[in-house]
Amino acid sequence: MLNEGKAPVEESEIESQLAERLEEHGQEHALRWLPQLNEAQRRHLMEQLVAIDYERLDEFRELVQVPPTVTSFLGIEPAPVERLPVTDGQTQRDQTIRQLGAQALEADRVAALTVAGGQGTRLRYDHPKGMYPVSPIRGKSLFELFAEQILAARQRYGCGMPWLIMTSYTNDDETRHFFSENDFFGLGEDMVHFFIQQRNPILDAGGRLLRAEPDALLLGPDGHGGTFEALGKSRLLDVLRQGGWDLMTYFQVDNPLVTVADERFIGHHLNKDADFSCKVVPKRDPEEGLGLAVLRGGRPIVIEYVDVPPPVAAERLANGTLRYLFGSIAIHVMDVPFAERLLGRKDSLPWHLAKKQYEIVNEEGQKVLSPKGACHKFERFVFDALAMADECAFVEVQRQTQFAPVKNAEGEDSPASARHFMQLMWIQWLQAAGADVQMPKNLDEPLIEISPLFASTAEQLKERIEPGWKPSFPLVLEP
Ligand code: UD2
């Protein structure tokens, strides 16, 4: 929301207008910061203050003062989901639908989009999360694994598949450097497009601006829902349209199991003539941190888990299954024209407020830790776009072959658990392909790694190995 990148304004003009603007928007306290600074610092802070989108700041101040009401569950029901096929009839229908997806890939309609602007605080890794060396034997980074999937899709479908990567102000330089150091993993520099998400001021409980440094505002990325605005600003939607890519396959940087070119998922999206679709899995337990796939007033939406009252999340049907069973694993297909339509709407995505703790600069100019929950951060969620979609397909996928996010340093959803599930999946692929393999007792040791360039799915592995083959471990399959 800072108008960064705008033409510089004359300094005298800035000074004369700034005080007035700050007062008008309840931020006069910021004027007291300026005399404490040297000339260069003063200029830096003034530039940031001038660049604020004050209309949006007013919106945030209002949200701090009158927080949005708790999500009501009246009129909310579980959403219909395209389930995994079980019967022969369903499997046949699924095959036909997969064809639709394969045709779209062959027609070079699909671009990949990764959101990688998050701060990755929980992982305690001091670099962009995509650089994390996650694969069990080769130690390939998340970015490299995705790049190999894209290369594999290009080879398989004869398509161009560009890759759009959303970064943030804090990790953009390092991310770009990583790609250029690795020669863009063979994807071609011109087919990897980085775009930076916007950042918003973080406010105190009175709706007032805060500082992270004596001469810098406390700012935070605007959430993955910022994808649309950032795509618009970067003009990448034009690049997609001109190249004939009218579908985007969207995934988070934290999930090494994602299938980037998923024929079945893309097929369901097209079969339903959807604008925005969503992969879902049955929730592990009521507390699992997945947004719920529901209908509100008959329209599909995702409600973030923090907004679901625990008794609602825990409701069960007579047969014992959770009433709100399906959670979003944050993998989507969206139409490029839909993203363009969203950009044109003033009322696009709502803001969500998170109350957090940050290191801030106090009125005396000292760095202190704010009280817990005292800093108000504003984010948008990409799945809120569903409310503006005409059609949506919620598509069930198998958790263990699609979702093993790297979020925490240890325990559940950590690099160790992701490696465990990657190895589990590859062994199951081998078994499904007819290899003579027992499930090892311990999947926490490095045992197996299959490059996406060798096979990106179980079906592709089946094409590559002989039934009855007895591999020895550790096993690395790569081209
Ligand atoms: C997200 C979903 C949750 C579930 C889960 C699955 C939200 C609000 N919740 O939870 O419903 O699907 O994922 O793993 O999304 N990111 C940015 N810019 C930002 C913030 C995040 O690019 O400003 C990216 C981030 O790099 C990561 C992804 O978005 O790839 C998810 O962010 P998160 O870790 O904050 O989401 P989480 O785990 O709370």
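The residue numbers shown here count from 1 along each chain, following its written sequence. The predicted origin of the model limits local features to residues at a pLDDT of at least 70 and limits the giving and counting of side-chain atom pairs to 80 or more, whereas totals for whole chains, interfaces and linings rest on all residues. The basis for every side-chain value is the complete set of heavy atoms in the structure, and neither hydrogens nor water enter the calculation.

Would you mind showing me how to read the side chain of serine 370 here?
Each helix is a run of DSSP H or I of at least 4 residues and each strand a run of E of at least 2, with the numbering of both proceeding from the N terminus. Mapped onto the secondary structure, serine 370 falls in the loop between β16 (367-369) and β17 (375-379). The criterion used for residue contact is that any of the two residues' heavy atoms lie within 4.5 Å. Not counting the four nearest positions on each side in its chain, serine 370 is found in contact with Lys356, Gln357, Tyr358, Ile360 and Cys375.

Can you walk me through the pattern of salt bridges in this structure?
Pairing of side chains with opposite charge becomes possible as their charged atoms draw close. One side-chain nitrogen of Lys or Arg within 4 Å of one carboxyl oxygen of Asp or Glu is enough to make a salt bridge. Per the stated rule, a full pass over the model turns up 32 salt bridges. Its salt-bridge partner being aspartate 275, residue arginine 341 comes within 3.4 Å of it at the nearest N-O pair. Here arginine 341, found in helix α11 (residues 336-343), pairs with aspartate 275, found in the loop between α9 (263-271) and β10 (276-282); they are 66 residues apart in sequence, far enough to count as distant. Only protein chains enter the calculation, and the probe is 1.4 Å; a residue is then buried if its accessible area is under 20% of its type maximum, exposed if over 50%, and partly exposed in between. For aspartate 275, a relative accessible area of 8% puts it in the buried group. The network of salt bridges with common partners includes Arg284, Glu288, Arg399, Glu412 and Asp413.

Just to check I follow, could you spell out the environment of aspartate 126 for this structure?
Assignment of secondary structure puts aspartate 126 in the loop between β2 (110-115) and α5 (142-157). By relative accessible area, aspartate 126 is classed as exposed at 72%. C-alpha separation for the pair aspartate 126 and glutamine 103, spaced 23 residues apart in sequence, amounts to 41 Å.

Where do I start with the packing of aromatic side chains in this structure?
Each aromatic ring pair is summarised here by two numbers: the centre-to-centre distance and the angle between the ring planes. A pair of Phe, Tyr and Trp rings is counted when the ring centres sit within 6.5 Å of each other, with Trp represented by its six-membered ring. The angle between the planes then sorts it: under 30 degrees is stacked, over 60 is edge-to-face, the rest tilted. All told, the structure shown has 15 aromatic pairs when counted by the stated rule. Relative to phenylalanine 378, the ring of phenylalanine 60 has its centre 4.2 Å away and its plane inclined at 5°; by these criteria the two rings are stacked. With phenylalanine 60 in helix α3 (residues 54-65) and phenylalanine 378 in strand β17, this residue pair connects regions lying 318 residues apart in the sequence. Considered together, phenylalanine 60 and phenylalanine 378 belong to a single accessibility category, that of buried residues. Within the aromatic cluster, the residues linked to one another by ring pairs are Phe143, Trp163, Phe178, Phe179, Phe184, Phe185 and Phe194.

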